Amino acid sequence: MEYRMKRTDGGVQPSLLGFGALRFPVNSQGQVDEAQVSEMIDRAMKGGVTYYDTAWPYLNGESEPILGRILSKYPRESYCLSTKLPCYELNSKEAAAERFHMQLQRLQTTYFDYYLLHMLNKDTWKKAVSLGMVELMEEYKEKGLIRYFGFSFHDSYEVFEEILNSRNWDFCLIQLNYLDTDFQAGLKGYQLAEQKGIPVQIMEPLKGGLLARLSPEVAEPLLACDPNASMASWGMRWVASLSNVGVVLSGMGAMEQVVDNLNTFQTINPLSEQERMAVEETAKRLRERLKNGCTGCRYCMPCPAGVDIQSSFQVWNNMAIDQDKALTKRNWGAIAPENRPDQCYGCGRCERICPQHLPIRSHLKLVTEQVEAFLNEKNKVEQFIS
Ligand code: SF4
Ligand code: SF4
């Protein structure tokens, strides 16, 4: 395991692979399977993972308390804890202070190694500054309640540049993967942070898992390079090949993912020129097929009308990538009629929170139209028979 991000306060070094607490496995009742998460974290700890990242809203508020309970069995100085202030839903400095202290309690700690303003965009940044939240976090840093202060980001490159240049940040967290090189902060944002000497942490290195489940047709260039490498390992190596990346967050949802990531990060081999070209060709094939950029983060859920937004987009995107009728039928059938996109009554709540800024309402209409058209489409044999 590599430990790239330097600390000067004597705390444990963050591992290059960070454990994101957004996609913990759930049991058949839809509750987080805490016993399984605990085993996954034990395995990650043994493999040298020292960085654990969560946020107030993850898993409908369950992520912070669960992570706090599981990590409490380890000495506090053996891991880095990172969480985020949900500035978008707080309306005063006092509310931010109260929330911060609730987070300390939930995570059973007296300080955060890394603390971020969550999901900054033009509006939330303006709000965080005008309400004194940035000042408050600076005070907390002075007092040792926060060791390193940064922000996570979802807006255009121009807004990223404005925020990055506004103060001396300790680090920043951006969305970057081999498909999203020109999206939001993108590679240009990464390069700006590198020039300024600000370490970058990466979220969505596999675009919500999409890059880990490529069809053989899309992945053909990667398979030609190395048929034994996991699809996830290509995405991880692509981001880890960028030398100013200090932590790559992976929202691990199963033990196999922990094991696969540990194998990849045991020794990071930067991509060769030939491998880089194979990744670019794969990205091109994916871009041609993908319907939208939903990462499956579920920030938009629960929808008041019961729409399973994330699963609907997953079915739509997988249909476009795999062109597999039987699989699409099964996945579409797994969404109960009361959770289908046609239940949407257009309130717009989901669009206000979506970090990918997706036009969710209009895309939901397309999901129903296009998935049903695909399922009703006759293939050549069926056309011949009829
Ligand atoms: S716009 Fe539709 S999908 Fe979005 S939250 Fe409202 S009802 Fe749900
Ligand atoms: S629609 Fe947006 S908020 Fe909802 S799961 Fe997808 S990316 Fe996340």
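Small disclaimer: the values here were computed from a predicted structure and weren't measured.

1. Considerations on the sheet that holds strand β6 (residues 171–175)
Turning to step 1, where the next piece is worked out: With respect to topology, eight strands assemble into a closed barrel ordered β1-β2-β3-β4-β5-β6-β7-β8, the strand pairing being parallel. Along the sheet, successive strands turn relative to each other by an average axial angle of 25 degrees, direction set aside.
Turning to step 2, where the next piece is worked out: Pairing of strand β7 (residues 200–203) with strand β8 (residues 245–250), which is carried by three bridges, proceeds in the parallel orientation. Across the sheet, Val200 pairs through a bridge with Val245, a residue of β8.

2. Here we look at the side chain of Asn177
Turning to step 1, where the next piece is worked out: Relative to the assigned elements, Asn177 resides in the loop between β6 and α7 (186–196).
Turning to step 2, where the next piece is worked out: Judged by its relative accessible area of 0%, Asn177 is buried.
Turning to step 3, where the next piece is worked out: At 2.8 Å, the side chain of Asn177 and the backbone nitrogen of Asp180 are in polar contact.
Turning to step 4, where the next piece is worked out: Of the polar contacts made by the side chain of Asn177, one reaches the backbone oxygen of Glu204; its length is 2.9 Å.
Turning to step 5, where the next piece is worked out: If we skip the residues at most four places from it in the chain, Asn177 touches Glu204, Pro205, Lys207, Leu211, Trp238 and Val239.

3. Side note on the packing of aromatic side chains
Turning to step 1, where the next piece is worked out: Per the stated rule, a full pass over the model turns up 17 aromatic pairs.
Turning to step 2, where the next piece is worked out: Taken together, a centroid distance of 5.3 Å and an interplanar angle of 20 degrees make the contact between Phe112 and Tyr115 stacked.
Turning to step 3, where the next piece is worked out: We classify Tyr115 as buried; its relative accessible area is 0%.
Turning to step 4, where the next piece is worked out: Ring centres of Phe153 and Phe160 lie 5.1 Å apart, and the angle between their planes is 65 degrees; on these two criteria the pair is classed as edge-to-face. Accessibility classification places Phe153 together with Phe160 in one group, the buried group.
Turning to step 5, where the next piece is worked out: When the ring centre of Tyr111 is taken as reference, the NZ or CZ atom of Arg76 above it lies at 4.1 Å.

4. A few points about the site of ligand 2
Turning to step 1, where the next piece is worked out: Around ligand 2, 13 residues are found, and the nearest of them are Cys294, Cys297, Arg298, Cys300 and Cys354.
Turning to step 2, where the next piece is worked out: The class makeup of the residues in the shell around ligand 2 is eight nonpolar, four polar and one charged.

5. Regarding the domain arrangement of the chain
Turning to step 1, where the next piece is worked out: Assigned domains within the chain: domain 1 (17–288) and domain 2 (309–385).
Turning to step 2, where the next piece is worked out: A combined buried area of about 810 Å² lies between domain 1 and domain 2, and 53% of that area is made up of carbon and sulfur atoms.
Turning to step 3, where the next piece is worked out: When the area that domain 1 buries against domain 2 is broken down by residue, the three leading residues are Met119, His154 and Arg213, summing to 38%.
Turning to step 4, where the next piece is worked out: The tally of links between domain 1 and domain 2 comes to zero salt bridges.
Turning to step 5, where the next piece is worked out: Across the contact surface, domain 1 and domain 2 share three residue pairs in polar contact (both at pLDDT 80 or more).
Turning to step 6, where the next piece is worked out: Grouping the amino acids of the side of domain 1 that touches domain 2 by side-chain chemistry returns six nonpolar, four polar and two charged.

Definitions and cut-offs
Residues numbered from 1 in each chain as written. Chains lettered and ligands numbered in written order. Predicted model: local features only at pLDDT ≥ 70, side-chain atom pairs only at ≥ 80, totals over all residues. Heavy atoms only, no water. Pairing = 2+ DSSP bridges. Helix = DSSP H or I, 4+ residues; strand = E, 2+ residues; numbered from the N terminus. Axes fitted to C-alpha atoms, helices over the stretch in contact; angles between N-to-C directions. Buried < 20%, exposed > 50% of the residue type's maximum accessible area, 1.4 Å probe, protein only. Polar contact = N/O pair within 3.5 Å; in protein donor to acceptor, adjacent residues only side chain to side chain. Contact = heavy atoms within 4.5 Å. Phe/Tyr/Trp six-rings, centres within 6.5 Å; stacked < 30°, edge-to-face > 60°. Lys NZ or Arg CZ within 6 Å of the ring centre and 35° of its normal. Near = heavy atom within 4 Å. Nonpolar A, V, L, I, M, F, W, Y, C, P; charged D, E, K, R; others polar. Domains from an automatic or database assignment. Buried area = accessible area lost by both parts, 1.4 Å probe. Salt bridge = Lys/Arg side-chain N within 4 Å of Asp/Glu carboxyl O.

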